[in-house]
Amino acid sequence: MTPERNNSCPCGSGKKYKKCCGLTAGQNRVPDYVAINRDMAYQGVTGRQRAAFCNAYIAFKAAKIVEIDKTLQQEVTSTGVNISCARGCAHCCTQFVVASLQECECIVYYLYRHDKVREHFIRAFDGWRDNILKIEDSFRKINDLGEKINHGQAIDEDRRLFDEESRVYARQNNPCPFLIERACSIYEVRPYICANYFSISPPEWCQALHPSSRQAVHMKIGLNLGRDMPYFALPEGSRIVSSMPFLVYRILVEGYDVLTEITGKSYVRMR
């Protein structure tokens, strides 16, 4: 179900739908915008700063993911359980995924250098978004509750509601638009939330509609993203976290201007 043109866009940008995702929904000209932004992205002083940041952050994050893997393996060894995740098992890739601005910028950087992955994502995004619009209320609630959780402002009831709405989201069985043949096409730059999530129960239990889905057991370690590498264009201490596919898509289509439209940020100060 497509939202009314004058309603707020479900991506959380704060814009009206007609001036945000509705502007390009279902139109073949989207790749033209992407090509223009790709050609401009790393030109000039700001562009060189963006490129330098992306290269540094990708290396930084790769080292952090190695730490995550090592910690999880130690936990698995000490408890005697087995990780049931394997390539081609994409059951958890229908869940709500958030990522920081840093992560999304680097995913876009990766997409600019992998044409087939970028083109697949753009094609798949429309269908993914259409399914999101069917549960627009839940999607908005998850975004709002997730923001409270990420900023340490959530109470137990917020976390309970977040889990409840996340199950509504997962029951849509809406695959991540980055999946290609049931494998992650951006694995090298995947979000922390994906790298930090393992199942130790039968893999089929991870399906939201499976009778034993509520008994599925997952492992993850605590991540203090407050110590993450800061984004070059944000004031000290500021963090932006959003639905990963939506934020990546907006950066691709709108370029750097998207940062000035993110809810809660009136502008971005360039250093």
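Figured I'd write up the structure that's included with this text. This structure is a prediction, so every number in the text was calculated from the model and none was measured.

With respect to empty space enclosed by the protein
At step 1: Evaluated as defined, the whole model comprises one cavity of 30 Å³ or more.
At step 2: In this structure, the largest cavity occupies an estimated 60 Å³ of space.
At step 3: The class makeup of the residues in the lining of the largest cavity is nine nonpolar, three polar and no charged.

Comments concerning helix H7 (residues 156-170)
At step 1: In a regular helix each residue adds 1.5 Å, so 15 residues correspond to 21 Å; H7 covers 21 Å between its end C-alpha atoms and thus fits that length.
At step 2: Those residues of H7 not exposed but buried are Asp158, Phe162, Glu165, Ser166, Tyr169 and Ala170. The arc that holds the buried residues of H7, viewed along the axis, is 140 degrees, so those residues lie on one side.
At step 3: Structurally, H7 contributes buried residues whose contacts are with helix H5 (115-133) and helix H6 (136-150).

Focus: the packing of aromatic side chains
At step 1: Within this structure, the stated rule accounts for 14 aromatic pairs.
At step 2: Seen from their ring centres, phenylalanine 53 and tyrosine 231 are 4.9 Å apart, and the 85 degrees between their planes marks the pair as edge-to-face. Here the residue phenylalanine 53 occupies a position in helix H3 (residues 44-79), and tyrosine 231 occupies one in the loop between strand S5 (218-219) and strand S6 (241-243), the gap between them amounting to 178 residues.
At step 3: Pairing phenylalanine 96 with phenylalanine 139 gives two aromatic rings, centres 5.7 Å apart and planes at 70 degrees, and the pair type is edge-to-face. Taken together, the residues span a long stretch of sequence, with phenylalanine 96 in the loop between H3 and strand S1 (98-100) and phenylalanine 139 in helix H6 at a distance of 43 residues. For the residue pair phenylalanine 96 and phenylalanine 139, the accessibility class agrees, reading buried in each case.
At step 4: Among the aromatic residues, those joined into a ring-pair cluster are Phe96, Phe121, Phe125, Trp128, Phe139, Tyr169, Phe178, Phe246 and Tyr249.
At step 5: Stacked on the ring of tyrosine 187, the Lys or Arg arginine 190 has its end atom at 3.7 Å from the ring centre.

Let's talk about the state of the cysteines
At step 1: What the rule picks out here adds up to zero disulfides.
At step 2: Of all cysteine sulfurs, the one in cysteine 106 lies closest to cysteine 104, which takes part in no disulfide; the gap is 9.4 Å.
At step 3: Residue classification places cysteine 104 among the buried positions, given a relative accessible area of 0%.
At step 4: You can see cysteine 106 has no disulfide; the closest cysteine sulfur is in cysteine 54, sitting 4.1 Å from it.
At step 5: By relative accessible area, cysteine 106 is classed as buried at 3%.

Re unusual backbone geometry
At step 1: In this model, asparagine 173 sits at a positive phi of 50 degrees, which is unusual for a non-glycine residue.
At step 2: Here asparagine 173 lies in the loop between H7 and strand S2 (179-180).
At step 3: Positive phi is not limited to glycine here, since glutamate 181 has a value of about 50 degrees.
At step 4: Note that glutamate 181 resides in the loop between S2 and strand S3 (183-184).
At step 5: Given a relative accessible area of 79%, glutamate 181 falls into the exposed group.

Criteria and thresholds
Residues numbered from 1 in each chain as written. Predicted model: local features only at pLDDT ≥ 70, side-chain atom pairs only at ≥ 80, totals over all residues. Heavy atoms only, no water. 1 Å grid on protein atoms, 1.4 Å probe; cavity = no way out; pocket = protein on both sides within 12 Å on 5 of 7 lines; lining within 4 Å. Points joined across faces, edges and corners; volume = space filled by probe spheres on them. Nonpolar A, V, L, I, M, F, W, Y, C, P; charged D, E, K, R; others polar. Helix = DSSP H or I, 4+ residues; strand = E, 2+ residues; numbered from the N terminus. Expected span 1.5 Å × (residues − 1). Buried < 20%, exposed > 50% of the residue type's maximum accessible area, 1.4 Å probe, protein only. Arc of directions from axis to C-beta. Contact = heavy atoms within 4.5 Å. Phe/Tyr/Trp six-rings, centres within 6.5 Å; stacked < 30°, edge-to-face > 60°. Lys NZ or Arg CZ within 6 Å of the ring centre and 35° of its normal. Disulfide = S-S within 2.5 Å.

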